Amino acid sequence: MDPVIVVGAGPVGLALALALTRHDVPVLVLDEGSGAYEPRPARTTVLSPDSAAFAGRLLGPSFPAAGVRWTAWRTIRRRQAPRREETGDEAPLHLPQHELVHGLRAALAASGLARIETGCRLHALEQDADGVTAYTREPAAPRPGAGTSWRGSHLVGCDGARSTVRKLLDVRFPGRTAVERHAVATLRTELPWPGEAVLYRGPRGGEALARPLPDGVWRIDWLLPPRGDLVTPEALVARIRDTLATWCGEIPPYELLDTGVHTVHHRLARRWRSGRAFLAGDAAHLLGTLGAQELDEGLRDASNLSWKLALTRHHGAPEALLDSYQAERRLAVGARLRAADQALPLVRAAGAWPTVRRSLLPGAGRGQESLLTDGHLGRGPLGAPPGYAHSPLTPPAGEASAAVGTLPGEPVEDVPVTAPDGTAARLRERLGGDLLVVLVAPGTGIWDRRHWLGAGLMPRLAAAVAALPVPAELLVTEDYPGAAAHTVLMVRPDGHLAAAMPGVDPAELYACADTVRGGGDGAARAGDEAAPGGAGTEESGGVGEGSGAAAVRGGTRGGGSAGPGPGTAAPTAADGVSPARGTPR
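What you see is a predicted model, and the numbers here were worked out from it, not measured in a lab.

Mind showing me how you'd approach the sheet that holds strand E19 (residues 277–279) here?
Strand pairing within a sheet occurs via backbone hydrogen bonds; the two strands may be parallel or antiparallel. Read from one edge of the open sheet, six strands run E8-E2-E1-E12-E19-E18, paired in mixed fashion. Each edge of the open sheet is held by one strand with a lone partner, namely strand E8 (114–118) and strand E18 (273–274). Direction of pairing for strand E1 (residues 4–7) relative to strand E12 (residues 154–157): parallel, over a ladder of four bridges. Paired with Ile5 across the bridge in E12 is Leu155.

Here you go:
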């Protein structure tokens, strides 16, 4: 079987490739460079808890060793009392980007299902009903026609802001250029707040952000004035010394490791899918102001697309499943960009920190400090993980729906769960593979597994799960926020709640699973709303457009064949379970 071709060997491309191998999908990574990823101490990344958990599932328990989880978030303003907030278990993870890339490369090399080809510059691609052909040449090749062809079932462009894949697909990339500029320095020193991230705002709107790294290293970012002069090495050193003197009372000893200037752009590709080709990461979107981390959204792209490509390849899922990638992710990133653009003039205003009007951002009126804190800590409209409430993969609410503390389409809570073999884990640790079906059963923890596995609802639920049209894993939890006893939760491989049902109804379970795989009502909705001129198509607007339910479900239907898989006849309630199902696991 042809591999999935991933163009680009940055962190998003490598994470997508590794996630596909975890689903037993072979991958070919085309890297224009030499394969070397030089350490740059000033190039670090902050991962929100959900993105860090995704990376941890890919790389194993040793992954966070190269990073630091902040113990607290501190905001300081001249002549005002500082505010400090404990971050707890849901702290962001700050780590050098090269450590993440090296870990992903090593894991790919050990997977046995991935191949990385270096020195491959993409210059053309062709699609047909059965796959994609990519044409590459060496960067120094004299003629575009000289080179190599590569065959794949699908192709994903993870090749950055100047994406060749995006240009070859003729996808526009509108937005704003140079929204903000930041001077960056990484240095080894001792600051008064070990393990804490600090946002400092001085007089006349000056802002600096200090975030810890391992071994006494700190990254400090200074917000630069718009249309300012070039940042010279002398000016940056003077800024470092002034900041350290202000924070510490005197200039402590320090070792300057690296410097740079980071420019933030806001752009959103008009289409994320064209037939069998997709865009992800910086090739699809650029953002990064007010705490929003670009790599966060890129890893969410990889988490969303990987299981859909795998289900399509292994179980013949309908086209609506692949359409939903654009429908879900483009709207989520567009909402993040709109929130940042609306908040930016207010939180960057000089003088007093005003209150952000309710009309501009969801929720109650917020002060600058609260908005900035939420953005950096992965909360609120500027930082929280997205929900896909209006996705074509979210079954419509009906009489069979149960109310729980998580809305359909939102990320699930990380509760303790138990597998039928007695294995105990956290729910987030079980993500990334098959669909999850979780029974809320208080008291099961005190029973021997031999008793509760064959008692009550479990035999009927186990039979219903075995008959679903896609592979699924059955789990049990003692409690879930807002859920009554015997509630059944269906959770997508990327950790979003598909549905909550009051009890075991095999027909309803089957219908929900079929919707999650892109069948049922979800397929009809995706097809109806993918017409030209709808949300997410070339005729629609750019960064600021696409709100509302139609935009959530919109998407451009691409070419390529992946028809309905086997076993699509749903069981009836009278039957209990259906013998029909998809390809065996």
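Next comes the rest of the account.
I keep staring at empty space enclosed by the protein and nothing clicks. Help me out?
Under the defined criterion, the tally for this structure stands at two cavities of 30 Å³ or more. The space that makes up the largest cavity amounts to roughly 80 Å³. What lines the largest cavity is a set of 16 residues, and nearest its centre among them are Ser48, Gly291, Gln293, Asp296 and Gly375. Within the residue set of the lining of the largest cavity, elements represented by two or more residues are strand E3 (44–47), helix H6 (294–315), helix H8 (368–377) and helix H9 (380–383). Counting residues per element, the lining of the largest cavity draws most heavily on H6, at three residues. Tallied by class, the residues present in the lining of the largest cavity amount to five nonpolar, seven polar and four charged.

How should the pattern of salt bridges be read in this particular structure?
Side chains carrying opposite charge are able to pair once their charged atoms draw close together. For the structure on display, the rule yields 30 salt bridges. Among the salt bridges present, the one from Arg176 reaches Asp341, with a minimum N-O distance of 2.8 Å. Placement of the pair is Arg176 in strand E13 (residues 175–188) and Asp341 in helix H7 (residues 319–347), with a sequence separation of 165 residues. In this structure Arg176 comes out as partly exposed when scored by relative accessible area, which is 37%.

Sorry, what's going on with the packing of helix H1 (residues 11–22) against helix H2 (residues 49–59) here?
Two measures define how a pair of helices packs: the angle their axes make with one another and the distance between the axes. At a closest axis distance of 10 Å, the pairing of H1 and H2 adopts a crossing angle of 55 degrees. By the angle class used here, H1 and H2 are oblique. Note that H1 runs across H2; the crossing there is left-handed. Side by side, H1 and H2 meet where Ala15, Leu18, Ala19 and Arg22 of the first sit next to Phe54, Arg57, Leu58 and Leu59 of the second.

How should the packing of aromatic side chains be read in this particular structure?
Pairs of aromatic rings are described using the distance from one ring centre to the other and the angle between the two planes. The full count for this structure, using the stated rule, is five aromatic pairs. Aromatic side chains Trp70 and Trp73 sit 5.9 Å apart centroid to centroid with 35 degrees between the ring planes, which places their arrangement in the tilted category. This pair shows no difference in class: Trp70 is buried, exactly as Trp73 is. Ring geometry for Trp272 versus Tyr325: centroids 5.8 Å apart, planes at 55 degrees, classification tilted. Here Trp272, found in the loop between strand E17 (255–268) and E18, pairs with Tyr325, found in helix H7; they are 53 residues apart in sequence, far enough to count as distant. Through a chain of ring-to-ring contacts, the aromatic side chains of Trp193, Tyr200 and Trp247 assemble into a single cluster. Taking NZ or CZ as reference, Arg166 lies 3.8 Å from the ring centre of Phe173, over its face.

Would you mind showing me how to read the environment of Thr418 here?
Looking at where Thr418 falls in the secondary structure, it is placed in strand E23 (residues 416–418). Take Thr418: its relative accessible area is 25%, and that puts it in the partly exposed class. Note: C-alpha distance between Thr418 and Thr477 (59 residues apart in sequence) is 6.4 Å.

Help me understand unusual backbone geometry in this model?
Only a minority of non-glycine residues have a phi that is not negative, and only a minority of peptide bonds are not trans. Even without being glycine, Asp24 reaches a positive phi, approximately 65 degrees. Looking at where Asp24 falls in the secondary structure, it is placed in the loop between H1 and strand E2 (27–31). Of the residues examined, Asp24 reaches a relative accessible area of 55% and is grouped as exposed. Even without being glycine, Ala178 reaches a positive phi, approximately 50 degrees. Position of Ala178 relative to the elements: it lies in strand E13.

Sorry, what's going on with the packing of H6 against H7 here?
Across the interface, H6 lies against H7 with an axial gap of 9 Å and an inter-helix angle of 170 degrees. Overall, the two elements H6 and H7 adopt an arrangement that is roughly antiparallel. Residues Glu297, Arg300, Asp301, Asn304, Leu305, Trp307, Lys308, Leu309, Leu311 and Thr312 of H6 pack against Leu321, Leu322, Ser324, Tyr325, Glu328, Arg329, Val333 and Arg336 of H7. Of the residues contributing to the contact of H6 with H7, the split by class is eight nonpolar, three polar and seven charged.

What am I meant to see in the sheet that holds strand E6 (residues 83–86) here?
One open sheet accounts for eight strands, arranged E6-E5-E14-E15-E16-E13-E17-E20; its pairing is mixed. Since the sheet does not close on itself, it has two edges, and those belong to E6 and strand E20 (285–286), each with one partner. Note that E17 and E20 share two bridges and pair antiparallel. Paired with Leu268 across the two strands is His285, which belongs to E20. Those strands touched by H7 are E13, strand E14 (196–201), E17 and E20, and its axis lies near 110 degrees from that of E17. Strands strand E5 (72–77), E6, E14 and strand E15 (207–213) of the sheet are contacted by H8, whose axis makes an angle of about 150 degrees with E5.

Help me understand the environment of Ala183 in this model?
As for its placement among the helices and strands, Ala183 is situated in strand E13. Taking relative accessible area as the criterion, Ala183 reaches 0% and is therefore assigned buried. For the pair Ala183 and Val261, spaced 78 residues apart in the sequence, the C-alpha separation amounts to 4.5 Å. When neighbours within four sequence positions are excluded, Ala183 is seen to be in contact with Ile220, Asp221, Trp222, Leu224, Leu236, Gly260 and Val261.

Calculation criteria
- Numbering of residues begins from 1 in every chain and follows the order in which that chain's sequence is written.
- Residues qualify for local features only when their pLDDT is at least 70, as the model is predicted, and side-chain atom pairs are given and counted only at 80 or more; totals for whole chains, interfaces and linings, by contrast, use all residues.
- With hydrogens and water stripped out, all remaining heavy atoms of the structure feed into the side-chain values.
- In this scheme, strands are said to pair when DSSP sees at least two bridges between them.
- Here a helix means four or more residues in a row that DSSP labels H or I, a strand means two or more in a row labelled E, and each is numbered from the N terminus.
- Grid spacing is 1 Å over the protein atoms alone, the probe is 1.4 Å, and a cavity is where that probe fits but cannot get out, while a pocket is an open set with protein on both sides within 12 Å along at least five of seven lines and lining residues have an atom within 4 Å of a point.
- Grid points are joined across faces, edges and corners, and a volume is the space filled by probe spheres set on the points.
- Gly is put with the polar residues, along with every residue not named as nonpolar or charged; the nonpolar set is Ala, Val, Leu, Ile, Met, Phe, Trp, Tyr, Cys and Pro, and the charged set is Asp, Glu, Lys and Arg.
- Salt bridges, as used here, are contacts in which a Lys or Arg side-chain nitrogen is within 4 Å of a carboxyl oxygen on Asp or Glu.
- Each residue's exposure class comes from its accessible area (1.4 Å probe, protein chains only) as a fraction of the maximum for that residue type: buried when under 20%, exposed when over 50%, partly exposed otherwise.
- Interaxial angles span 0 to 180 degrees and are taken between N-to-C directions of axes, which are lines fitted to C-alpha atoms, for helices over the stretch in contact.
- Between 65 and 115 degrees an angle is taken as roughly perpendicular, under 35 as roughly parallel, over 145 as roughly antiparallel, and anywhere else as oblique.
- Throughout, a crossing is termed right-handed when the near helix is turned clockwise from the far one, and left-handed when it is turned anticlockwise from it by less than a right angle.
- The contact rule is simple, with two residues in contact once any of their heavy atoms fall within 4.5 Å.
- Each Phe, Tyr or Trp ring, with Trp reduced to its six-membered ring, pairs with another whose centre is within 6.5 Å; inter-plane angles below 30 degrees give stacked pairs, above 60 give edge-to-face pairs, and intermediate values give tilted ones.
- When the NZ atom of lysine or the CZ atom of arginine is within 6 Å of a ring's centre and also within 35 degrees of its normal, the charge is said to sit over that ring.

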